[in-house]
Amino acid sequence: MNQEYSGSGDPAKSLELLWRRRPQPTRGPKPALTIERIVEAAIGIADAEGIAGMSMRRVADELGAGAMTLYRYFPGKAELLDVMLDTVYGELPRREVDGDWRAKLDEVARENRELYLRHPWLLQVATSRPPLGPYVMAKYEYELAAVEGIGLTDIEMDDTVALVNGYVHGAVRTAVEARQVIQRSGMSDKEWWLAHVPHLDKIGDTKNFPLASRVGTAVGNEFDAPYDSDHAFEYGLERVLDGVFALVEKRSGPEELM
């Protein structure tokens, strides 16, 4: 996967664009484009072609404009990418959830998973320096609220949110890669598995690899393939939340969790 980095543009200009404080072009003819139209076109290209397919020239072509026209709105691709990220984060529903912190963190994970699956190019953008726009801030606020008041320190709250988001990122990345393999090969995971089984039965070395043979066969029989992304996500998320529970229990005491 090609990798891009958020926060790699001019900080002042990115913030002006994210918060719509950047002055609109005043010289020359009346602007035919808007920041919103440009960002919408860029997101559409990234959805269809991946982040590698999104360039200033490609977006300009999509909009039927000259490449230099976009530079009247965005200094460059880095600043455009920041606004793209903030915009898609605005799609998160940030639903109110009844229940305890675990139910709320579970919802955080599922909302992020849905977003990644809808916009897989997000997986190609490193966000250790996130764009500090209104939707990024709203996302962070919502996610921190899931663990507010449960006995964690502020640093632990941030670490817990990062842990859940990091798990989702990795799980969805694997699922997206598996989906891409199916698209490129024209063969489903089940078809791939069934094509290998007869040969493995003949040449497999169960004596030297008893655990791999036993467990691999059990997984194949259970899910019709060696990998099931939904099962893997559910299992992993439960284990992550179990770990958070152990920390909350340590902080609060068992009697306060009842």
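Here's a quick rundown of the structure. This one's a predicted model, so the numbers in the text were calculated from it and none came from an experiment. (Residues numbered from 1 in each chain as written. Predicted model: local features only at pLDDT ≥ 70, side-chain atom pairs only at ≥ 80, totals over all residues. Heavy atoms only, no water.)

## Re the side chain of Asn 165
Position of Asn 165 among the secondary structure elements: in helix α8 (residues 154-185). A residue is classified by how much of its surface remains accessible, and Asn 165, at 16% relative accessible area, is buried. Of the polar contacts made by the side chain of Asn 165, one reaches the side chain of Asn 112; its length is 3.3 Å. Aside from chain neighbours lying at most four places away, what touches Asn 165 is Val 108, Asn 112, Lys 139 and Glu 143. (Helix = DSSP H or I, 4+ residues; strand = E, 2+ residues; numbered from the N terminus. Buried < 20%, exposed > 50% of the residue type's maximum accessible area, 1.4 Å probe, protein only. Polar contact = N/O pair within 3.5 Å; in protein donor to acceptor, adjacent residues only side chain to side chain. Contact = heavy atoms within 4.5 Å.)

## A closer look at the layout of surface pockets
Computed from the structure, the largest pocket encloses a volume of approximately 570 Å³. Looking at the largest pocket, it is lined by 25 residues, and the ones nearest its centre are Tyr 89, Thr 127, Pro 130, Lys 139 and Asn 165. For the lining of the largest pocket, the secondary-structure elements that each account for two or more residues are α5 (77-89), α6 (101-118), β2 (125-126), α7 (134-145) and α8. When grouped by side-chain class, the residues that make up the lining of the largest pocket number 14 nonpolar, seven polar and four charged. (1 Å grid on protein atoms, 1.4 Å probe; cavity = no way out; pocket = protein on both sides within 12 Å on 5 of 7 lines; lining within 4 Å. Points joined across faces, edges and corners; volume = space filled by probe spheres on them. Nonpolar A, V, L, I, M, F, W, Y, C, P; charged D, E, K, R; others polar.)

## So, unusual backbone geometry
Of note, Arg 20 is a non-glycine position whose phi angle comes to about 55°, a positive value. With respect to the secondary-structure elements, Arg 20 resides in the loop between α1 (11-18) and α2 (35-49). Of note in this structure, Arg 94 is not a glycine but carries a positive phi near 50°. Secondary-structure assignment places Arg 94 in the loop between α5 and α6.

## As for a nonpolar patch on the surface
Taken together, the side chains of Leu 15, Trp 19, Leu 132 and Met 137 define a hydrophobic patch exposed on the protein surface, amounting to about 370 Å² of accessible area. In this structure, Leu 132 sits in the loop between β2 and α7. (Patch = residues over 30% accessible without salt bridge, like charges linked within 9 Å, V, L, I, M, F, W, Y side chains within 5 Å. Areas by Shrake-Rupley, 256 points an atom, 1.4 Å probe, with all protein chains shown as cover. Salt bridge = Lys/Arg side-chain N within 4 Å of Asp/Glu carboxyl O.)

## Brief notes about the side chain of Glu 156
Tracing the chain through its elements places Glu 156 in helix α8. For Glu 156, a relative accessible area of 14% corresponds to the buried category. Every residue in contact with Glu 156, bar those within four places of it in the chain, is listed here: Gly 151, Leu 247 and Arg 251.

## Comments concerning the packing of aromatic side chains
One pass over the full model with this rule turns up one aromatic pair. Seen from the ring of Phe 233, Arg 113 lies directly overhead, with NZ or CZ sitting 4.4 Å from the centre. For Lys 139, the ring lying beneath its charged end belongs to Tyr 89, and the centroid distance is 5.4 Å. (Phe/Tyr/Trp six-rings, centres within 6.5 Å; stacked < 30°, edge-to-face > 60°. Lys NZ or Arg CZ within 6 Å of the ring centre and 35° of its normal.)

## Regarding the pattern of salt bridges
Scanning the entire structure with this criterion turns up 17 salt bridges. A salt bridge links Arg 95 to Glu 107; the nearest nitrogen and oxygen atoms lie 2.6 Å apart. Here the residue Arg 95 occupies a position in the loop between α5 and α6, and Glu 107 occupies one in helix α6, the gap between them amounting to twelve residues. Residue class for Arg 95 comes out partly exposed when judged on its relative accessible area of 37%. The exposure class of Glu 107 is buried, given its relative accessible area of 13%. For Lys 139, the salt bridge is made with Glu 143, and the minimal N-O distance between the two is 2.8 Å. Of this pair, Lys 139 and Glu 143 both sit in helix α7, four residues apart, roughly one helical turn.

## A few points about α2
Here α2 contains 15 residues, and its C-alpha end-to-end distance of 21 Å stays within 8% of the 21 Å for a straight helix at 1.5 Å per residue. Residues of α2 that are buried sit in contact with α1, α3 (56-63), α4 (67-70) and α5. At the exit of α2 stands Gly 50, carrying a positive phi of roughly 85°. (Expected span 1.5 Å × (residues − 1).)

## Some details on the packing of α2 against α5
The N-to-C vectors of α2 and α5 enclose an angle of 85°; their axes lie 10 Å apart at closest approach. Viewed along their axes, α2 and α5 adopt a mutual orientation that is roughly perpendicular. Residue-level inspection shows Ile 38, Val 39, Ala 42, Ile 43 and Ala 46 of α2 in contact with α5, the latter providing Leu 80, Val 83, Met 84, Thr 87 and Val 88. Residues that form the contact of α2 with α5 fall into these classes: nine nonpolar, one polar and no charged. (Axes fitted to C-alpha atoms, helices over the stretch in contact; angles between N-to-C directions. Parallel < 35°, antiparallel > 145°, perpendicular 65-115°, else oblique.)

## Observations regarding the environment of Arg 72
One can find Arg 72 in the loop between α4 and α5. Distance from Arg 72 to Leu 33, taken between C-alpha atoms, is 9.7 Å for residues 39 residues apart in sequence.

## Side note on the packing of α6 against helix α11 (residues 229-252)
Contact geometry of α6 with α11 gives a least axis separation of 11 Å together with a crossing angle of 145°. Note that α6 runs across α11; the crossing there is right-handed. Contact residues: Trp 101, Arg 102, Leu 105, Asp 106, Ala 109, Arg 110 and Arg 113 in α6; Ser 229, Asp 230, Phe 233, Glu 234, Leu 237, Glu 238, Leu 241, Asp 242, Val 244, Phe 245 and Val 248 in α11. Split into classes, the residues belonging to the contact of α6 with α11 amount to nine nonpolar, one polar and eight charged. (Left-handed = near helix turned anticlockwise from the far one by under 90°.)

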